[in-house]
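Structural description and commentary
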Amino acid sequence: MIEMGNAAAAKDISQAVVSVHAMDVELAWEQIKSLLQKEFGPAACKSWITPIVPQRFERGVLELGVSTRFIRDWVRTHYADRIRHLWAQNFGTVVRVEIVVSAAKKEDETVVSLLPANANEQPCESLPITDGLSSPLDLRFTFDNFVVGKPNELAHAAARRVADSDTVAFNPLFLYGGVGLGKTHLMHAIAWAIRSRAPQRKVLYMSAEKFMYQFVRAIRGKDTMSFKEQFRSVDVLMIDDIQFICGKESTQEEFFHTFNALIDQNKQIVISADKSPSDLDGLEERLRSRLGWGLVADLHPTTYELRLGILEQKRDMLKRAIPQNVLEFLAHKITSNVRELEGALNRIVAHSELIGRPVTIEGVQDLLQDLLRANDRRVSVDDIQRKVAEHYNIRISDMHSPRRSRQIARPRQIAMYLSKALTEHSLPEIGRKFGGRDHTTIMHGVRRIEELVISDRSIQEDVELLRRAIGG
Ligand code: ADP
Ligand code: MG
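With that out of the way, let us pick up unusual backbone geometry. The omega torsion of the bond from Asn171 to Pro172 falls at -5°, within 30 degrees of zero and hence cis. Here Pro172 lies in the loop between helix H5 (153-164) and strand S6 (173-177). Although it is not a glycine, Asn266 adopts a positive phi angle of roughly 60°. Mapped onto the secondary structure, Asn266 falls in the loop between helix H9 (249-264) and strand S9 (268-273). Note on Asn266: relative accessible area 53%, which makes it exposed.

See the structure below:
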């Protein structure tokens, strides 16, 4: 195990690992482990990282063993993503990380019984008031740590209102927005705030995925009665990432009943999703309409100012000397979401400590090559519309207009097709950017061009040309 602070040793290992062709997994893991420890602190490391035993690395799959299912689930949800990132970054290989339960090592046995509710050293702490049913809350996700800007001010104000009032303000509060824009952060912040202001109130926070898991387990154990009771006795119910239960009928059914029972008792409900209720596919109509009854607040993509604000706050929290121009550079370059922005900052901090050199823009450019490139490459629907309109010599406004003449409709469909192919937006999102068109219209357009690309030579050439011009 690398001693923390022993930068030279860590560096040796790093060089050794990179030069070993058939990668020595254990050696590589030592390095990742030390980076994780820097990032998450010794307490989290002791509980969750140290017990991990690397098993093998084959064909891009990194298999890590832990001793219990509990640790497996925890590591999966809290660290797997980060491990994957660090691995790819340090060893240049794309990986999938698989956490499996393997035979426990002897020295790890003390860890087996560790649960977040009874250990003081946890990175996160669970709300004890609901018999451990509630998911753990991240200590960092408080209102104090949430930077407010134009894109999130409505969502923030609504969350504050829910946290601060004893009566039900709007029910449900429905927060939605893309990945990494702060939905989970706001929900945890509500839970923390209520917990400190009114500890007698029962708050239950969990992901929709866990809701489903609990529900399925209750059915299997023929214990749905107590499942229902547990949920229906809370004062505030928060379900994160509700899009997860889209298309899962019986879970939706159960959720719908829980939801209604709580609303009838005038209990507060907070829901998050990646889309607005009307854009969520695979949701039963009656549930969809009820979800939109309260206040629907969206978190918009971040602005430069917000990104810079978040980075400044994070730097102050980390108490690290990171020059302002580096923060500005990051805020300018990493526009995707806050999670990536934070990840970048963490990488910079970890790296500068490991290497022991001050942070500079050049160093950062070098270190974050992959991330910066990915952000550069990201094209927007606006770019696509602009390029396509230029190419066909039509107006950009025609992309949004209802006009249906062929000279306009065809290029518009090409732009829809390219938007689907080159961006990560969903069909409803793309529809909105094309003058509020329905997602079925977008799907139709995409299909039409898919056919034409095969049957019509000139369309095929146009599409290829545009694709190259757009740079996707
Ligand atoms: P989501 O649930 O919307 O995918 P998260 O709430 O998990 O996103 O946020 C991703 C990361 O970005 C978290 O670490 C969170 O603390 C941080 N973050 C997002 N928005 C803000 C903000 N406005 N201020 C501070 N941190 C933020
Ligand atoms: Mg989330």
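Taken together, the five strands give an open sheet; going across it, the order is S7-S8-S9-S6-S10, and neighbouring strands pair in parallel fashion. Only two strands of the sheet have a single partner each, and these edge strands are strand S7 (203-207) and strand S10 (295-299). On average, each strand axis in the sheet is inclined to that of its neighbour by 15°, with strand direction left out of account. In the sheet, S7 pairs with strand S8 (residues 236-240) via five bridges, with the strands oriented parallel. Residue pairing across strands places Val203 opposite Val236, the latter belonging to S8. Across the sheet, helix H6 (residues 183-197) touches S6, S7, S8, S9 and S10, and the angle it forms with S8 is around 160°.

Near ligand 1 there are 17 residues, and of these Val147, Gly180, Thr184, His185 and Glu342 occur at the shortest range. At 2.8 Å, a backbone N or O of Val147 approaches a nitrogen atom of ligand 1. Between ligand 1 and Lys183, the relevant distance is 2.8 Å, taken from an oxygen atom to a side-chain nitrogen or oxygen of the residue. Protein chains shield 94% of the accessible area of ligand 1, which is 550 Å² for the free molecule. Counting residues per element, the ones that place at least two in the shell around ligand 1 are H6 and helix H13 (338-355). Split into classes, the residues belonging to the shell around ligand 1 amount to seven nonpolar, seven polar and three charged. Built from parts of two domains, the shell around ligand 1 gets at least three residues from each of domain 2 (110-299) and domain 3 (304-376).

Next up on the list: the packing of aromatic side chains. All chains considered together, the criterion is met by nine aromatic pairs. Ring plane angle 90° and centroid distance 5.6 Å describe the contact between Phe211 and Phe255, whose orientation is recorded as edge-to-face. In this pair, Phe211 sits in helix H7 (residues 208-220) while Phe255 sits in helix H9, placing the two residues 44 residues apart along the sequence. Exposure remark for Phe211: the relative accessible area of 1% places this residue in the buried category. Here Phe255 falls in the buried class, since its relative accessible area comes to 1%. Members of the aromatic cluster, joined through ring pairs, are Phe211, Phe215, Phe227, Phe231, Phe255 and Phe259. Above the face of the Phe143 ring, Arg160 is positioned so that its terminal group lies 4.2 Å from the ring centre. One Lys or Arg, Lys248, reaches over the ring of Phe244 and ends 4.1 Å from the middle of that ring.

Every buried residue of helix H12 (residues 324-333) is listed here: Val326, Leu327, Phe329, Leu330 and Ala331. Buried-residue contacts for H12 involve helix H11 (304-318), H13, helix H14 (361-367) and helix H15 (369-377).

Here we take up the sheet that holds strand S3 (residues 96-101). Spatial ordering of the open sheet is given by S1-S2-S3, a layout of three strands whose pairing is mixed. The open sheet is flanked by strand S1 (53-58) and S3, the only strands paired with a single partner. Sheet twist, expressed as the mean angle between neighbouring strand axes with direction ignored, is 20°. For S1 and strand S2 (residues 61-66), the ladder comprises five bridges, and the chain directions are antiparallel. The residue of S2 that forms the bridge with Pro54 is Leu64. Most of the contacts of helix H2 (residues 25-49) go to S1, to which it runs at about 120°, and overall it touches S1 and S2. Against the sheet, helix H4 (residues 80-91) touches S1, S2 and S3, its axis set at about 130° to S3.

Our focus in this paragraph is the packing of H5 against H6. Between two packed helices, the angle of one axis relative to the other and the distance separating the axes together describe the packing. In the contact formed by H5 and H6, the axes pass within 8 Å of each other and the chain directions differ by 25°. As judged from the angle between their axes, H5 and H6 are roughly parallel. Where H5 crosses over H6, the handedness of that crossing is right-handed. Seen from H5, the contacting residues are Ala155, His156, Ala159, Val162, Ala163 and Asp164; seen from H6, they are Leu186, Ile190, Ala193, Ile194 and Arg197. Class assignment for the residues of the contact of H5 with H6 results in eight nonpolar, one polar and two charged.

This brings us to the packing of H7 against helix H8 (residues 224-232). Orientation of H7 relative to H8, taken along the N-to-C sense of each, is 145°, at an axis distance of 8 Å. Side by side, H7 and H8 meet where Phe211, Gln214, Phe215, Ala218 and Ile219 of the first sit next to Thr224, Phe227 and Phe231 of the second. Its residues assigned to classes, the contact of H7 with H8 shows six nonpolar, two polar and no charged.

Calculation rules
- Residues numbered from 1 in each chain as written.
- Chains lettered and ligands numbered in written order.
- Predicted model: local features only at pLDDT ≥ 70, side-chain atom pairs only at ≥ 80, totals over all residues.
- Heavy atoms only, no water.
- Helix = DSSP H or I, 4+ residues; strand = E, 2+ residues; numbered from the N terminus.
- Buried < 20%, exposed > 50% of the residue type's maximum accessible area, 1.4 Å probe, protein only.
- Pairing = 2+ DSSP bridges.
- Axes fitted to C-alpha atoms, helices over the stretch in contact; angles between N-to-C directions.
- Contact = heavy atoms within 4.5 Å.
- Near = heavy atom within 4 Å.
- Polar contact = N/O pair within 3.5 Å; in protein donor to acceptor, adjacent residues only side chain to side chain.
- Areas by Shrake-Rupley, 256 points an atom, 1.4 Å probe, with all protein chains shown as cover.
- Nonpolar A, V, L, I, M, F, W, Y, C, P; charged D, E, K, R; others polar.
- Domains from an automatic or database assignment.
- Phe/Tyr/Trp six-rings, centres within 6.5 Å; stacked < 30°, edge-to-face > 60°.
- Lys NZ or Arg CZ within 6 Å of the ring centre and 35° of its normal.
- Parallel < 35°, antiparallel > 145°, perpendicular 65-115°, else oblique.
- Left-handed = near helix turned anticlockwise from the far one by under 90°.

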